[in-house]
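# Chains, contacts and geometry: an overview
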Amino acid sequence: MIFNFLPREFDFFNLFEEQVECAILAAKKFKEIVATPGLIEESAYQTIQHLESKGDTATHSIIEQLNKTFITPFDREDIHALTKELDDITDMINTMVVRIKVYKIPGGDRHLMEFAKVIEESVLTVSKAVKGLRLKNGSKAVLAACVEVNRLENVGDAMRDAVFMELFETKSAIEIIKWKEIYQDAETVLDICEDVANVVESIIVKHN
Amino acid sequence: MIFNFLPREFDFFNLFEEQVECAILAAKKFKEIVATPGLIEESAYQTIQHLESKGDTATHSIIEQLNKTFITPFDREDIHALTKELDDITDMINTMVVRIKVYKIPGGDRHLMEFAKVIEESVLTVSKAVKGLRLKNGSKAVLAACVEVNRLENVGDAMRDAVFMELFETKSAIEIIKWKEIYQDAETVLDICEDVANVVESIIVKHN
Amino acid sequence: MIFNFLPREFDFFNLFEEQVECAILAAKKFKEIVATPGLIEESAYQTIQHLESKGDTATHSIIEQLNKTFITPFDREDIHALTKELDDITDMINTMVVRIKVYKIPGGDRHLMEFAKVIEESVLTVSKAVKGLRLKNGSKAVLAACVEVNRLENVGDAMRDAVFMELFETKSAIEIIKWKEIYQDAETVLDICEDVANVVESIIVKHN
């Protein structure tokens, strides 16, 4: 790859990695929240809110720099798409956590815990893909990570379909309304990770 | 700002202001509709439908002009985004009103009346921001309006979360399905206003 | 129109038509599925899955070619938008069919059969519009097809509103949750067809 001539002062990669870091911490906290019995604790809720706002700050910095910078490590539209999608991961985890609070969804649901594991795995794989963008000769590993993120999205689809089937057969209408949304959100996080992987893939394809 | 050299015959600002005018009238009519007890009256419904279609016409004119015009007051992609988002405000108010009719939602709901007030406030503030775009030395007031639109979106988020909590504790499943959508739509109008503000903000940042 | 100088080796039109073919076959299969009493048969489900994946392959080919090609028959952003929207038609039909399977929705619902007919009609009209893009002197027929697709979207809106009204008056909450989504999806297919028509229309406008 040919990104290394980028002057230090416009290091988009550092900011991308900051965004990814927020997403990883949010995914880990989410896994902890859904595994803890009882209603969500205020401190856990605040941690997610804080990560969401930290991710926002990184996103705004990238877009601001993008508007000022003439030479960018890859196409401006790809930088814009990548930063937006990375931000969406943390946003969506935050959306789920707000819903868990508002709907008073208790921790300990086996399905949601399984989703949280797949989400963590997918976000960690996204991190590999994004970090690989600045490495010379990194493209093979980056593309392998993208394939894995796509695989995890398919895993999530199948999980959601199975859990929806169970939901409609075992729960009351009000419970169905609540849980359907949460599970759908969880699957959406995996969709967003796939969107990130698609952007990364197209960047690699253009530069190789 | 440097927009004043724009030839009169391609006055995008007039068309933006026409779009904003539709959104303001729709927001005002919406406030009236949700405050009037009983089912929605056909004349009120028709007013909203008419505003939605008038907004569409302005949007199409802008996009048509954009495709014909070489010199634009600011980036083409920003004009496109601004006109689309402005159109979305009126569209979303129309969506709510169609839902109110189809679901036979009666007027007089305290929460929806509160939402309608915040929506009107936000649309009026969006109007200030958009009208400020063509003024010399207007950028300070424009940015202040954008900040206020963002604040109102946060107000809407908190309102929705509170009202959802109440909803799940007090209503039947069928009522939850109906009202949840209406309240969510109301919050979405505020999201769209925020999207407009973000586009306006980025235009100001690029030109100052 | 002026598209005919395009070198044979980058024939985007062939790929667009492949995408449209997938959408037509999916629409026809969908009509058959919703008309067949009982739960969906595995073979019908597999057919839709296969068409969705075939459509994906055509989409990826177009985007790959777009990244490699300097001279395109019309604006790159329009090619990108057109291929994305065409792919969305088949994707959305697939989403409906997955939902029919997961929610165990039986065939034979009068309303869904009506929707399936309008969807088939709309997709066939989209096909006319897209195929007309490569014809000299085809623009009049293409624009007429676009108008018809817009009309069918309005038909779908009215159908959905009527069926929603009936739904809330006659079904249980759990049934409402399931059927509301299916009918909404069906209307969304018509929205996507309208989006395709809008892209086609704007291409014609630019080139005439």
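Just so it is clear, the model here is predicted, and its values are computed rather than measured.

## Details of the overall build of chain A
Each helix and strand in chain A was counted, giving six helices and zero strands. Along its sequence from the N terminus, chain A presents helices and strands in the succession α-α-α-α-α-α. What you see for chain A is a C-alpha radius of gyration of 18 Å, in line with the 17 Å of a compact globule of 208 residues. Considering only C-alpha atoms, chain A reaches an extent of 60 × 30 × 20 Å along its principal axes. Per-residue burial over chain A gives 38% buried out of 208 residues. Counting only contacts in chain A whose residues sit at least 6 apart along the sequence, the fraction spanning at least 24 positions is 84%.

## With respect to the relation of the copies chain B and chain C
Structural alignment of chain B on chain C gives an RMSD of 0.0 Å, achieved by rotating through 120 degrees and translating 0.0 Å along the axis. The operation mapping one copy onto its partner corresponds to a three-fold rotation axis. Distance from the rotation axis, computed per C-alpha, reaches its smallest value in chain B at Ala173(B): 3.5 Å.

## Some thoughts on helix H5 (residues 139–170) of chain B
The terminal C-alpha atoms of H5(B) lie 47 Å apart, and with 32 residues this matches the ideal 46 Å at 1.5 Å per residue to within 8%. Of all the positions in H5(B), only Val142(B), Ala145(B), Cys146(B), Val149(B), Leu152(B), Glu153(B), Gly156(B), Arg160(B), Val163(B) and Phe164(B) are classed as buried. The secondary structure elements touched by the buried residues of H5(B) are helix H3 (76–102) of chain A together with helix H4 (110–132) and helix H6 (173–207) of chain B.

## Focus: the interface of chain B and chain A
Contacts between the two partners involve nine residues from chain B and, on the opposite side, seven residues from chain A. Taken together, the elements giving at least two residues each to the side of chain B that touches chain A come down to H5 and H6 of chain B. Ranked by residues supplied to the side of chain B that touches chain A, first place goes to H6(B) with five residues. A breakdown of the residues in the side of chain B that touches chain A according to their chemical character gives seven nonpolar, no polar and two charged.

## Quick look at the interface of chain B and chain C
Taken together, the seven residues of chain B in the interface contact nine residues of chain C. At the level of elements, helix H3 (76–102) and H6 of chain B are the ones that each hand at least two residues to the side of chain B that touches chain C. In terms of residue count, H6(B) provides more of the side of chain B that touches chain C than any other element does, three residues in total. For the side of chain B that touches chain C, the class distribution of residues is six nonpolar, one polar and no charged.

## Structural notes on the packing of helix H1 (residues 12–35) of chain C against helix H2 (residues 42–68) of chain C
All names here are of chain C. Two elements in contact, H1 and H2, have axes whose closest approach is 9 Å; the angle formed by their N-to-C orientations is 165 degrees. Of the possible angle classes, the one that applies to H1 and H2 is roughly antiparallel. For the element pair H1 and H2, the recorded crossing hand is left-handed. Residue-level inspection shows Phe12, Leu15, Glu18, Gln19, Cys22, Leu25, Ala26, Lys29, Glu32 and Ile33 of H1 in contact with H2, the latter providing Ala44, Thr47, Ile48, Leu51, Lys54, Gly55, Ala58, Thr59, Ser61, Ile62 and Gln65. Counted by class, the contact of H1 with H2 contains 11 nonpolar, six polar and four charged residues.

## Some points on the environment of Ala173(A)
By the element assignment, Ala173(A) lies in helix H6 (residues 173–207). Taking the number of C-beta atoms within 10 Å as the measure of exposure, Ala173(A) has 18 and is therefore partly exposed. Put simply, Ala173(A) and Glu77(A) are 96 residues apart on the chain and 44 Å apart in space, counted from C-alpha to C-alpha. Aside from chain neighbours lying at most four places away, what touches Ala173(A) is Ala173(B), Ala173(C), Ile174(C) and Ile177(C).

## With respect to the confidence of the model for chain A
Residues and elements named next belong to chain A. On average, chain A scores 92 in pLDDT, and the residues at 70 or more come to 95%. Element-level mean pLDDT values for chain A span from 92 in helix H2 (residues 42–68) up to 97 in helix H4 (residues 110–132). What the predictor reports for the complex is a pTM of 0.89 with an ipTM of 0.85.

## A word on the environment of Lys101(B)
Residue and element names in this part refer to chain B. Relative to the elements of secondary structure, Lys101 occurs in helix H3. Judged by the 18 C-beta atoms lying within 10 Å of it, Lys101 is partly exposed. The sequence separation of Lys101 and Thr170 amounts to 69 residues, and the corresponding C-alpha distance is 23 Å. Once residues within four sequence positions are removed from consideration, Lys101 is found in contact with Ile40 and Tyr45.

## Remarks on unusual backbone geometry
Even without being a glycine, Asn137(A) presents a positive backbone phi close to 55 degrees. Here Asn137(A) shows up in the loop between H4 and helix H5 (139–170). Located in the positive-phi region is Lys104(B), a residue other than glycine, with phi close to 50 degrees. Tracing the backbone shows Lys104(B) in the loop between H3 and H4. The class for Lys104(B) is exposed, based on 12 C-beta atoms found within 10 Å.

## What to know about the packing of helix H1 (residues 12–35) of chain A against H4(A)
To describe two helices that pack against each other, one gives the angle between their axes and the distance between the axes. Residues and elements named next belong to chain A. Contact pair H1 / H4: the axes reach a minimum separation of 9 Å and the direction vectors enclose 165 degrees. As summarised for this structure, H1 and H4 are arranged roughly antiparallel, according to the angle between their axes. H4 is crossed by H1, and the crossing has left-handed handedness. The residues of H4 that touch H1, namely those facing Phe16, Glu17, Val20, Ala23, Ile24, Ala27, Lys28, Phe30, Lys31, Val34 and Ala35, are Leu112, Met113, Ala116, Lys117, Ile119, Glu120, Val123, Leu124, Val126, Ser127, Val130 and Lys131. Partitioned by chemical class, the residues of the contact of H1 with H4 number 16 nonpolar, one polar and six charged.

Cut-offs applied
- Residues numbered from 1 in each chain as written.
- Chains lettered and ligands numbered in written order.
- Predicted model: local features only at pLDDT ≥ 70, side-chain atom pairs only at ≥ 80, totals over all residues.
- Helix = DSSP H or I, 4+ residues; strand = E, 2+ residues; numbered from the N terminus.
- Rg over C-alpha atoms; globule rule 2.2 N^0.38 Å.
- Buried ≥ 20, exposed ≤ 12 C-beta atoms within 10 Å, placed from the backbone.
- Contact = placed C-beta atoms within 7 Å.
- Least-squares fit on C-alpha atoms with pLDDT ≥ 70 in both.
- Expected span 1.5 Å × (residues − 1).
- Nonpolar A, V, L, I, M, F, W, Y, C, P; charged D, E, K, R; others polar.
- Axes fitted to C-alpha atoms, helices over the stretch in contact; angles between N-to-C directions.
- Parallel < 35°, antiparallel > 145°, perpendicular 65-115°, else oblique.
- Left-handed = near helix turned anticlockwise from the far one by under 90°.
- pLDDT = per-residue confidence, 0-100.

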